Amino acid sequence: MRIRATVSSVVQSMTVLVPIFADQLSRRLSSLMNAKKEVTLVLMMEVEDEASNVWHHRRKLVFLFSAMRHFAQELREAGWAVEYVRLNDKANTVSFSGEIKRLAGMHDVERVQVTEPGDWRVDQAMRGIGEELGIPVRIMTDDRFLTTKAEFREWAQGRKQLRMEYFYREKRRQTGLLMDGDNPQGGEWNYDSENRKPAKGDLFMPQPLGFEPDAVTSDVIEMVLERFPDRFGEVSDFRMAVTSTDAGKAAGHFMSCALESFGDYQDAMLEGEAFLYHSILAPYMNAGLLDPLELCRMAETAYREKRAPLNAVEGFIRQIIGWREYVRGIYWLKMPDYLDGNFLDARRPLPEFYWTGATRMNCVSQVVGQTRKHAYSHHIQRLMITGNFALLAGIRPQEVHEWYLAVYADAFDWVEVPNTIGMALFADGGVMASKPYAASASYINRMSDFCGACHYDHGARTSDTACPFNALYWDFLARNREKLENNPRMKMMYRNLDRMDDLDAIRSRAVYVLDGMSRGVI
Ligand code: SF4
């Protein structure tokens, strides 16, 4: 496939520069839909500043660069003039702003037209670039989302609490998804209570559809391995979709093979089973290869044709039109200050085992191991294993956020900041979650098979082999009493804490665990 093309002959008369970023790989992008091919130069850029703003997983870099190169080719075949800047190009100025200025200087650009970036930092850069260039910059609404930033602000205005559930119901009414007239299908808006079954190892697990790397992807793999030899993450056996056509096939495979059981086992965790019945479609949606609403319609059709039960389909749709839209709304409502949140004053550094997996805690080791391999773990692994541990141990939220942003293929700033700062770490003081998602080993043991093979005893609190989550859980409550005990949803936990007669021993064990964590012996 020919990626580079000579554009000098066609850009002489071009006046509109349309930059497209790695999370905007959609033919129906507003900046493209409102552009005329004959006067437009599309600009796509692989730049070091973005590849290294955090320590991005190599599989994520391969996925995004390869998807970008394929999308550039698709646009060329559709008649667009595209300037594609590769990471290793000598003239590459390493930043989006630098490249836009360089290309605007090379061509007779009268205007920059861009769909609003998904990252606050890049959005700021785009807003500042017009003045630097002395030409107008038109920033267009990203209408791939159901809710604009202004609409979310309006929804949030005057509300005491910004709970996802109420926002989600509005999205159901707005889209008509799973509606029966004015009422929710089946009589309930939310079937989450049916979606908490633990899984057993003998269940049949469908695997996500994989795709052999083509020549473009193979080139990108070579480049990433050469350029980032010390980066976290494996790229061997790369089988992600890198085009919208293949991502569509992966979506169809999920709908026919896994959606049926997705709801039941949504929160379950099994050793050696990274995917269970999850869709693994978030990277494709977030990069722009799949249309979120179209996926919801596919799932709804599966329900109406009796190929998937209501709890599965409602759960899937809620993740997309509810949770996904809601976290984006929170991000744009609260940035940039949101990122600095540290309500619980957590100050410990991120333990090394988040990168190496070298810990005797089997649950953490398993999740880090599969993250290194696949650039993926599912939401409960993120929230209740790595997130829960970071919360209980008091790890600095910004370091945890950077880790999540780096290691997951679906992680973009707008997704990761609210999920980490708000949901996992309660660092926003309760803007998103009504209470911290803190849990001891009993939750992990109930929802997974990790504890059976662990060095630690999930039932013990103070012994030498007592599970670290247990001591940290009670210590977390005691340590943060002043900030949390008046939360109505925490009252029961504090009543339990006050009934404990071995709290001193538990807190001593917590000191040992926290000290051992920094010495790498936990
Ligand atoms: Fe994790 Fe504790 Fe269970 Fe080990 S015993 S797997 S550390 S929850």
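Residues numbered from 1 in each chain as written. Predicted model: local features only at pLDDT ≥ 70, side-chain atom pairs only at ≥ 80, totals over all residues. Heavy atoms only, no water.

Student: Looking at this model, I keep getting lost on the nonpolar core. Mind explaining?
Tutor: Considering soluble globular proteins, one finds that nonpolar side chains tend to be buried as a cluster. With 163 residues, the main nonpolar core has I20, F63, L259, Y284, F316 and Y326 as its most contacted residues. No other element matches helix α14 (residues 310-334), which puts twelve residues into this core. When neighbours within four sequence positions are excluded, I20 is seen to be in contact with L25, L29, L32, V42, L43, M44, F71 and L75. The next biggest cluster of nonpolar side chains, apart from the first, holds 19 residues, and it includes L17, L41, L103 and V109. (Core = buried A, V, L, I, M, F, W, Y, C linked by side-chain atoms within 4.5 Å. Buried < 20%, exposed > 50% of the residue type's maximum accessible area, 1.4 Å probe, protein only. Helix = DSSP H or I, 4+ residues; strand = E, 2+ residues; numbered from the N terminus. Contact = heavy atoms within 4.5 Å.)

Student: Help me understand the environment of V18, please; the structure alone is not making it clear to me.
Tutor: Tracing the backbone shows V18 in strand β1 (residues 16-20). Expressed as a C-alpha distance, the spacing of V18 and T147, which sit 129 residues apart in the sequence, is 23 Å. Residues contacting V18, with those up to four places away along its chain left out, are S31, A35, T40, L41, V42, L43 and Q113.

Student: What's the story with the environment of V400 in this structure? I'm lost.
Tutor: Turning to its location among the elements, V400 is positioned in helix α18 (residues 397-407). For V400, a relative accessible area of 0% corresponds to the buried category. Between the C-alpha atom of V400 and that of T420, which follows or precedes it by 20 residues, the distance is 7.3 Å.

Student: Help me understand the sheet that holds β1, please; the structure alone is not making it clear to me.
Tutor: Strand pairing in a sheet is mediated by backbone hydrogen bonds. Such pairs are either parallel or antiparallel. Read from one edge of the open sheet, five strands run β3-β2-β1-β4-β5, paired in parallel fashion. The open sheet is flanked by β3 (81-85) and β5 (137-140), the only strands paired with a single partner. Adjacent strand axes in the sheet meet at a mean angle of 25°, parallel and antiparallel pairs treated alike. As defined by bridge partners, strand β2 (residues 40-45) adjoins β3 across five bridges and the pair is classed as parallel. Looking across to β3, one finds that V42 is bridged to V82. Contacts from helix α5 (residues 96-106) reach β1, β2, β3 and β4 (111-115), with the element oriented near 145° to β2. (Pairing = 2+ DSSP bridges. Axes fitted to C-alpha atoms, helices over the stretch in contact; angles between N-to-C directions.)

Student: I'm lost on a negative patch on the surface in this one. Help?
Tutor: A cluster of acidic residues, D214, D219, E222 and E226, forms a negative patch at the surface. With respect to the helices and strands, the residue E222 is situated in helix α9 (residues 215-227). Exposure remark for E222: the relative accessible area of 55% places this residue in the exposed category. (Patch = residues over 30% accessible without salt bridge, like charges linked within 9 Å, V, L, I, M, F, W, Y side chains within 5 Å. Areas by Shrake-Rupley, 256 points an atom, 1.4 Å probe, with all protein chains shown as cover. Salt bridge = Lys/Arg side-chain N within 4 Å of Asp/Glu carboxyl O. Lys, Arg positive; Asp, Glu negative; His and termini not counted. Charge placed at Lys NZ, Arg CZ, Asp CG, Glu CD.)

Student: Explain the pattern of salt bridges here, please?
Tutor: Opposite charge on two side chains makes pairing possible when the charged atoms of those side chains draw close. A full pass over the atoms with the stated rule returns 32 salt bridges. For D192, the salt bridge identified is with R318, shortest N-O distance 3.9 Å. Highlighted residues: D192 in the loop between β7 (183-184) and α9 and R318 in helix α14, separated in sequence by 126 residues. On the basis of relative accessibility, which here comes to 21%, the residue D192 falls in the partly exposed class. Overall, R318 belongs to the buried group, its relative accessible area being 5%. Salt bridges linked by common partners bring D192, R196, E314 and R318 together as one network.

Student: So what exactly am I meant to see when it comes to the packing of α5 against helix α6 (residues 120-133) here?
Tutor: The axes of two packed helices give the description: the angle between them and the distance between them. Contact geometry for α5 and α6: axes closest at 10 Å, N-to-C directions at 30°. When the axis of α5 is compared with that of α6, the two are roughly parallel. Here α5 and α6 pass one another in a crossing that is right-handed. Within the contact between the two elements, α5 uses F96, S97, I100, K101 and A104 and α6 uses V122, A125, M126, I129, E132 and L133. Of the residues that constitute the contact of α5 with α6, the class distribution is eight nonpolar, one polar and two charged. (Parallel < 35°, antiparallel > 145°, perpendicular 65-115°, else oblique. Left-handed = near helix turned anticlockwise from the far one by under 90°. Nonpolar A, V, L, I, M, F, W, Y, C, P; charged D, E, K, R; others polar.)

Student: What should I look at first to understand the pairing of β4 in this one?
Tutor: Regular strands place side chains that alternate from one sheet face to the opposite one. Counting buried residues in β4 gives four out of five residues, a clear majority hidden from the surface. Direction of pairing for β1 relative to β4: parallel, over a ladder of two bridges. What sits directly across from L17, in β4, is V112. Of the strand pairs in this sheet, β4 and β5 are connected by four bridges, and their pairing is parallel. The partner of T115 across the bridge, within β5, is M140.

Student: What's the story with the side chain of R58 in this structure? I'm lost.
Tutor: For R58, the location among the structural elements is in helix α4 (residues 58-77). Although R58 is buried, it makes no salt bridge; D230 carries the closest opposite charge, 6.9 Å away. Those residues within four positions of R58 in sequence are excluded, and the remaining contacts are V224, L225, F228, P229, R231, F232, G233 and V235.

Student: Could you clarify how one ought to interpret the site of the ligand in this entry?
Tutor: Neighbouring the ligand are the residues M361, C363, A441, I444, F450, C451, C454, Y456, H458 and C467. Partitioning the shell around the ligand into residue classes produces nine nonpolar, one polar and no charged. (Near = heavy atom within 4 Å.)

Student: Which parts of the structure should I look at to understand helix α13 (residues 292-304)?
Tutor: Along an α-helix, a turn takes 3.6 residues, which lines up residues three or four apart on a common side. If you check α13, its first and last C-alpha atoms are 19 Å apart, about what 13 residues at 1.5 Å a residue would give, namely 18 Å. Along α13, the residues classified as buried are P292, L295, C296, A299, E300, A302 and Y303. All buried residues of α13 fall inside an arc of 155° around its axis, so they share one side. At its buried positions, α13 is contacted by α10 (244-257), α11 (259-262), α12 (282-287) and α14. Between the side-chain oxygen of the N-cap and the backbone nitrogen of L293 there are 2.9 Å, and the N-cap of α13 in question is D291. Two residues or fewer after α13 comes K306, characterised by a positive phi angle close to 60°. (Expected span 1.5 Å × (residues − 1). Arc of directions from axis to C-beta. Polar contact = N/O pair within 3.5 Å; in protein donor to acceptor, adjacent residues only side chain to side chain.)

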